[in-house]
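Next come the chains, spelled out residue by residue.
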Amino acid sequence: MSKQQPDLKTAYNVPNLERGLMVIELLATKKSGLTLSEITESLSLTKTTAFRVVSTLIFKNYLQKNETTKKITLSRKMLTLGISSMNEQSIVEMSIDVMRALRDEIKESVMLGVLLGTKGSILEQVASSYPVKLFVEQGTQFSLHSSVGGKSILAFLPTDEANDILKKMTLTKYTKNTITSKKEFKAQLKEIKKNGYAIDNGEDIQGIHCVGAPIFNEYGRPVAALWITAPHGRLPHDQFHEKGKTIAKYAFEISAKLGYLQAN
């Protein structure tokens, strides 16, 4: 006689985790938020269970509570996770032709990257036309403070959100040009926002220069960065401004494909 297979839901589900997901799914449909009592009633939870689950999610920054209205809503952390997981493939699809066009114009390797917590991650690259080139595998992570990918995105995030990320970052010194002062780094982010592009003056790898710009989604949020990377001899300091404006133009083409409409 064969042994009966256990009910997977009964055997392996974690009740409080399941309730936490139910709370998140409920609040995803309520943009203006709900009070703890409304959550309790909507999900038929006990007051104690609802309080513990919601308190844990607030503590872990997945939910936020307005102390005036007592309304609980999804946090920016949830928004960031949603953007990161849902749109990466579409960003690559929208970007690849533009990346090739940028490579054909400038001849250098073109990279596409996104934010991943306190690090960045390479989504796609188009190799340089030159025999000597920098090759980076997809998925490779990069530091935010020493890379144009990280700087381009951080500079255009809401200030409080960028500051929250910066608090968790360690500004490791990789070369003599790496910025290790958070005060100096914040000042550079302001300059990047003013110029519309970022530079890496051999701050991540000695002798390698990069210039990049942010890519925005339909809500005006920086969701990725586009940049070129080259040996310093092919990308000297006096070309940073010219190349920065060119890359910003191509980055805007991708942004437009994602639904971004530049403010007048």
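Residues numbered from 1 in each chain as written. Predicted model: local features only at pLDDT ≥ 70, side-chain atom pairs only at ≥ 80, totals over all residues. Heavy atoms only, no water.

Moving on to the pairing of strand S4 (residues 119–126). When you tally the buried positions in S4, you get 7 out of 8 residues, the bulk of the element. Direction of pairing for strand S3 (residues 109–116) relative to S4: antiparallel, over a ladder of 7 bridges. What sits directly across from Leu 112, in S4, is Glu 124. Bridging between S4 and strand S5 (residues 141–143) involves 3 bridges; their strand directions are antiparallel. In the sheet register, Gly 120 faces S5, and the bridge partner there is Phe 142. (Buried < 20%, exposed > 50% of the residue type's maximum accessible area, 1.4 Å probe, protein only. Helix = DSSP H or I, 4+ residues; strand = E, 2+ residues; numbered from the N terminus. Pairing = 2+ DSSP bridges.)

Moving on, we come to the confidence of the model for the chain. Reading predicted coordinates in detail is not appropriate for stretches of low pLDDT. In this model, the chain carries an average pLDDT of 88, and 89% of its residues clear a pLDDT of 70 or more. No element of the chain has a lower mean pLDDT than helix H1 (residues 8–12), at 55, and none a higher one than helix H6 (residues 148–156), at 97. (pLDDT = per-residue confidence, 0-100.)

With that settled, the discussion passes to the sheet that holds strand S7 (residues 208–216). In spatial order, the strands read S5-S4-S3-S8-S7-S6; together these 6 strands make up an open sheet with antiparallel pairing. The open sheet has two edge strands with one neighbour each: S5 and strand S6 (198–201). Each neighbouring strand pair of the sheet contributes to a mean axis angle of 35°, computed without reference to strand direction. Relative to S7, S6 runs antiparallel, the two being bridged by 4 bridges. Opposite Ile 199, over in S7, you have Val 211 as the bridge partner. Where helix H9 (residues 240–257) meets the sheet, it contacts S6, S7 and strand S8 (222–231), and its direction lies at approximately 30° from that of S7. (Axes fitted to C-alpha atoms, helices over the stretch in contact; angles between N-to-C directions. Contact = heavy atoms within 4.5 Å.)

A cluster of nonpolar side chains, contributed by Val 14, Leu 17 and Leu 21, occupies part of the molecular surface with about 280 Å² of accessible area. Note on placement: Leu 21 falls in helix H2 (residues 15–27). (Patch = residues over 30% accessible without salt bridge, like charges linked within 9 Å, V, L, I, M, F, W, Y side chains within 5 Å. Areas by Shrake-Rupley, 256 points an atom, 1.4 Å probe, with all protein chains shown as cover. Salt bridge = Lys/Arg side-chain N within 4 Å of Asp/Glu carboxyl O.)

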